[in-house]
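# Survey of secondary and tertiary structure
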Amino acid sequence: MPVTPEHRYDQLRLRQWLDGRARADGVARRDLFRLLGASAALSALPTALQSALPGAAAPAHAAAGIRKPLPPEWFTVRGTNAETKFDALAGTGYHTPNERFFVRNHTSTPALDPADWTLTVWGSGLRGDPAVFGLDDLRALPTVTRSAVVECAGNGRSLFASQQGQSVSGTAWTLGAIGAARWRGVRLADVLRRAGIRRDAVDVMPRGLDAEYVTPDGASLGRVRRPLPVAKALDDVVLAYEMNGEALPPDHGSPVRVVVPSWVGIASVKWVGDVEVSAEPLYSPWNTAFYRLWGPTHPAEGSPPLTRQTLKTAIELPWNASLPAGERHRVTGRSWSGAGGVVRVETSVDGGHHWRSARLLDPPRRAGWVRWHADWRPAVPGPAVLLARATDTTGRTQPLSTAHNTQGYLFDAVVRHPVTVT
Ligand SMILES: Nc1nc2c(c(=O)[nH]1)N[C@H]1C(S)=C(S)[C@@H](COP(=O)(O)O)O[C@H]1N2
Ligand SMILES: [Mo]
């Protein structure tokens, strides 16, 4: 089944909502009217994604609600979240060790006992009653292992400010809100079929068992949940219980999480406890108020909900790394694209006048990244800027700037990485 372009499905879904044929529990009506364009001029910008969280006061090696150790050489703590330092990925291989994988928590990592955990699949899109699966029931189904990155839609967000002078709301990630893992589990499609999904089901909404998310304004948006069109849900989505050969760690969704390859990280719901299968379209705050593009170059009513990730490159060096002059340095990095694999990476040390091909160490992989390296012998001491840009299987190359959007999603511009030649 082909995945319908999201903008077409979104228009249909909105019309159905207007006709009273879609469900939007926990979504403010004004957010839906804004998407319809009915009150675009009046609508306030969402403020719920502010990065000012109480956790900011915590020491830099701990984040409220994250269970695993966060050594400062591997992580930057940002509120309830922990960003992987890209230089901590140098030499770690293709997959990101679980201990170094970034964490994005709306609230806190919950303590769930795998022995009591169940997954309930329910809703108007099933032929009959809800179906309940325990972990053993999932383990009895055919297993699948998929390598995929999980990346936050806001990865790179701070570059809107630091590189383009634009203000955006949300966690000020640099480029480390991404990791690659081998996810082992079962196909969501197999579970939905066993639960008796009907042919007229349209949306599938997994929901997390972590606490309700309360915005900085004090509004509870309910538990983290986001609808997936049924075509994507039946395509390559995994219910994962293992990550890189280990039981899924608590911070990454233990005992079971959803993994939606190539899509924005919010789709990959952690600690999943139920999945609503609906014959009517569904909304949640995570496909209405958040995860759409608003800004001068986007439709007044906002873009369709974000689905695929964009194209990015990161260098595995600290910001302002010192590199001795007159020596050959092997600059390493990674590039990735939600639209398909990366086929070319080029670097420039003269502000983009000349570009040289980097050596790719991996074949292009859908939903994955490629590692690369390029040698550089800087002659003159002083500040310098390294540029690297990727081209993906669709032929798209990273641009020099990204069109602004108020929530700072999908930054894809070439990053100017400062270093100091000593
Ligand atoms: N239940 C639940 N699922 C969630 C989240 C969350 O806070 N709660 N955060 C989402 C977001 S925004 C991202 S980017 C990814 C991060 O996955 P990770 O913490 O395993 O790196 O999980 C997604 N799934
Ligand atoms: Mo995210």
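As the structure is a prediction and not an experimental result, all values here were calculated from the model. (Residues numbered from 1 in each chain as written. Chains lettered and ligands numbered in written order. Predicted model: local features only at pLDDT ≥ 70, side-chain atom pairs only at ≥ 80, totals over all residues. Heavy atoms only, no water.)

Of all the positions in helix 2 (residues 29-36), only D31, L32, R34 and L35 are classed as buried. Down the axis of helix 2, the buried side of the element spans an arc of 155°, and every buried residue falls inside it. Helix 2 presents R29 and R30 as exposed residues on the side facing more than 90 degrees away from its buried surface. G37, located one to two residues past helix 2, shows a positive phi value of around 85°. (Buried < 20%, exposed > 50% of the residue type's maximum accessible area, 1.4 Å probe, protein only. Helix = DSSP H or I, 4+ residues; strand = E, 2+ residues; numbered from the N terminus. Arc of directions from axis to C-beta.)

Here the protein is described as being made up of domain 1 (5-287) and domain 2 (312-421). In this structure, domain 1 and domain 2 have C-alpha centres spaced 28 Å apart. Contact residues are listed per partner, giving 36 residues for domain 1 and 34 residues for domain 2. Across the domain 1/domain 2 interface, buried area totals approximately 3,000 Å², and carbon plus sulfur atoms make up 58% of it. When the area that domain 1 buries against domain 2 is broken down by residue, the three leading residues are Y94, F160 and Q163, summing to 24%. D236 is the partner of R366 in a salt bridge, and the nearest nitrogen-oxygen pair spans 2.9 Å. Where domain 1 packs against domain 2, one counts 16 residue pairs in polar contact (both at pLDDT 80 or more). Within the residue set of the side of domain 1 that touches domain 2, elements represented by two or more residues are strand 5 (144-151), helix 4 (158-164) and strand 6 (178-187). Here the residues of the side of domain 1 that touches domain 2 sort into 18 nonpolar, 14 polar and 4 charged. (Domains from an automatic or database assignment. Contact = heavy atoms within 4.5 Å. Buried area = accessible area lost by both parts, 1.4 Å probe. Salt bridge = Lys/Arg side-chain N within 4 Å of Asp/Glu carboxyl O. Polar contact = N/O pair within 3.5 Å; in protein donor to acceptor, adjacent residues only side chain to side chain. Nonpolar A, V, L, I, M, F, W, Y, C, P; charged D, E, K, R; others polar.)

Counting residues in hydrophobic clusters, the biggest one holds 34 residues, and the most contacted among them are L119, V121, L138, V191, L192, L239 and V277. A total of 5 residues in this core trace back to one element, the largest contributor, which is helix 5 (residues 188-195). Ignoring sequence-local partners within four residues, the contact set of L119 consists of A131, V132, F133, V191, L239, V272, G273, D274 and V275. Residues V342, A358, V419 and V421 belong to the second largest nonpolar core, which totals 18 residues. (Core = buried A, V, L, I, M, F, W, Y, C linked by side-chain atoms within 4.5 Å.)

This brings us to the sheet that holds strand 8 (residues 228-229). One open sheet holds the 5 strands; their spatial order is 4-3-12-7-8, and the pairing between them is mixed. A strand with exactly one partner marks an edge of an open sheet, and here the two such strands are strand 4 (131-134) and strand 8. Strand direction decides the pairing type here: strand 3 (residues 118-122) and strand 12 (residues 272-278), joined by 3 bridges, are parallel. Across the sheet, residue V121 finds its bridge partner in strand 12, namely V275. (Pairing = 2+ DSSP bridges.)

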